[in-house]
Structures are given as structure tokens and as C-alpha cells.
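Each chain, written out:
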Amino acid sequence: MMNWLRNFMAGRYGADHFNRFLLGVALIAMLLSSFFGRTVLYSISLLILLYCSFRMFSRDYDKRYQENNKYLTYKNRFFNIFRKGKNTINQRKEYHIYKCPSCKQKIRVPRGKGRIEITCPKCHTQFIKKS
């Protein structure tokens, strides 16, 4: 049986991150359709499952690979928003973060140094702030 499956999947694309995401969306749509009794959601979930199986059994590696890369790009852009926010929160323990009054560049200054003169690295504007 395993040999048959291995031979059947030879040369086919298989599962990837985008397929897993689509399967999750399809399962959520199915659960929602069962709770709310909406046949539209159920139809959409079946269409997504059909598309997942099409992608898994496809022999066109290049197109499936490009689709997966596009998905990963969008996913990383989305999660980078949260990573940047988390980084900023962690840095506020040790640094003050100011914006330059002229160019709005963010400047990180260590805490506890008193009143200091800050020079913007981008536009070289000097301004005084309390550290």
C-alpha cells in the first residue's frame, strides 16, 4: 500500500504551507456552516478543499511553488507588523524612542542620561530631549 502511494505521488507537488492554510480555512468554514446552517459557507469550503486537492496532485511545480512563495510573502508582511511592535515594546525598557522634529525619523536614545542633545542621523537636525 505504501509503495502504491509513493508511486502515485511521485512527480506531484504535495502539501505545502499554502495548502495547510487553505485546509484550515476550509475546516473553519465547514464548522461555521454546520453551526449556522449556511449552505453558501459549506459550498465555499468544498470549493477550497477541491482547490487544495488540485494543488496537491498537480504536476506543475513552478506554478505551485510561486503560489506558495506569494502566500509566504504576504504572511511574513502580516506577522512583521506584530514583530516590530513587540520589538518596540521590549526596547522601551532600556531606550527612549523619539521622532526627529523635521524629518520624523525614529531615533533611539538610552535611558537615564539626563538632558542630552540628539543629532538626527538622517537630516542632521539637533534637538534637546530628556533621556
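Residues numbered from 1 in each chain as written. Predicted model: local features only at pLDDT ≥ 70, side-chain atom pairs only at ≥ 80, totals over all residues. Heavy atoms only, no water.

This brings us to the overall build of the chain. Regarding its fold elements, the chain presents 4 helices and 4 strands. For the chain, the sequential pattern of α-helices and β-strands runs α-α-α-α-β-β-β-β. In terms of overall size, the chain is more extended than a compact globule, its C-alpha atoms giving a radius of gyration of 26 Å where 131 residues would be expected to give roughly 14 Å. Over its C-alpha atoms, taken along the principal directions, the chain stretches across nearly 75 × 40 × 25 Å. Expressed as a percentage of the 131 residues in the chain, the buried residues total 20%. At a minimum sequence separation of 6, the contacts of the chain that also span at least 24 residues come to 38%. Side chains of the chain give 26 positive and 6 negative charges; the mean places of these two sets differ by 10 Å. (Helix = DSSP H or I, 4+ residues; strand = E, 2+ residues; numbered from the N terminus. Rg over C-alpha atoms; globule rule 2.2 N^0.38 Å. Buried < 20%, exposed > 50% of the residue type's maximum accessible area, 1.4 Å probe, protein only. Contact = heavy atoms within 4.5 Å. Lys, Arg positive; Asp, Glu negative; His and termini not counted. Charge placed at Lys NZ, Arg CZ, Asp CG, Glu CD.)

Now for the pairing of strand β2 (residues 106-110). Residues Ile107 and Val109 of β2 are buried on one face, while the alternating residues Lys106, Arg108 and Pro110, pointing to the opposite face, are not. Direction of pairing for strand β1 (residues 95-99) relative to β2: antiparallel, over a ladder of 5 bridges. Counted as the bridge partner of His96 is Val109 from β2. The antiparallel hairpin formed by β1 and β2 contains 6 residues in its connecting segment, where Lys104 sits at a positive phi of about 65 degrees. (Pairing = 2+ DSSP bridges.)

Looking now at the nonpolar core. Counting 7 residues, the largest nonpolar core is built from Tyr98, Cys100, Ile107, Val109, Ile118, Cys120 and Phe127. Not counting chain neighbours up to four residues away, the residues in contact with Ile107 comprise His96, Ile97, Tyr98, Cys100, Ile118, Cys120, Pro121 and Phe127. Grouped together as the second largest cluster of nonpolar side chains are 6 residues, Phe18, Leu22, Cys52 and Tyr71 included. (Core = buried A, V, L, I, M, F, W, Y, C linked by side-chain atoms within 4.5 Å.)

Scanning the model with the defined rule gives 3 salt bridges in all. The shortest N-O distance in the salt bridge between Arg55 and Asp16 comes to 3.0 Å. Of the two residues, Arg55 sits in helix α3 (residues 39-57) while Asp16 sits in the loop between α1 (2-9) and α2 (17-36), which places them 39 residues apart along the sequence. Where Arg55 meets Glu67, a salt bridge forms, and the shortest distance between an N and an O atom there is 2.7 Å. Note that Arg55 is positioned in helix α3 and Glu67 in helix α4 (residues 61-91), a separation of 12 residues in sequence. On the basis of relative accessible area, Arg55 is assigned to the buried category, the value being 0%. Here the salt bridges share partners, and the residues they tie into one network are Asp16, Arg55, Arg64 and Glu67. (Salt bridge = Lys/Arg side-chain N within 4 Å of Asp/Glu carboxyl O.)

Note that all results are geometric; they support no functional claim without further evidence.
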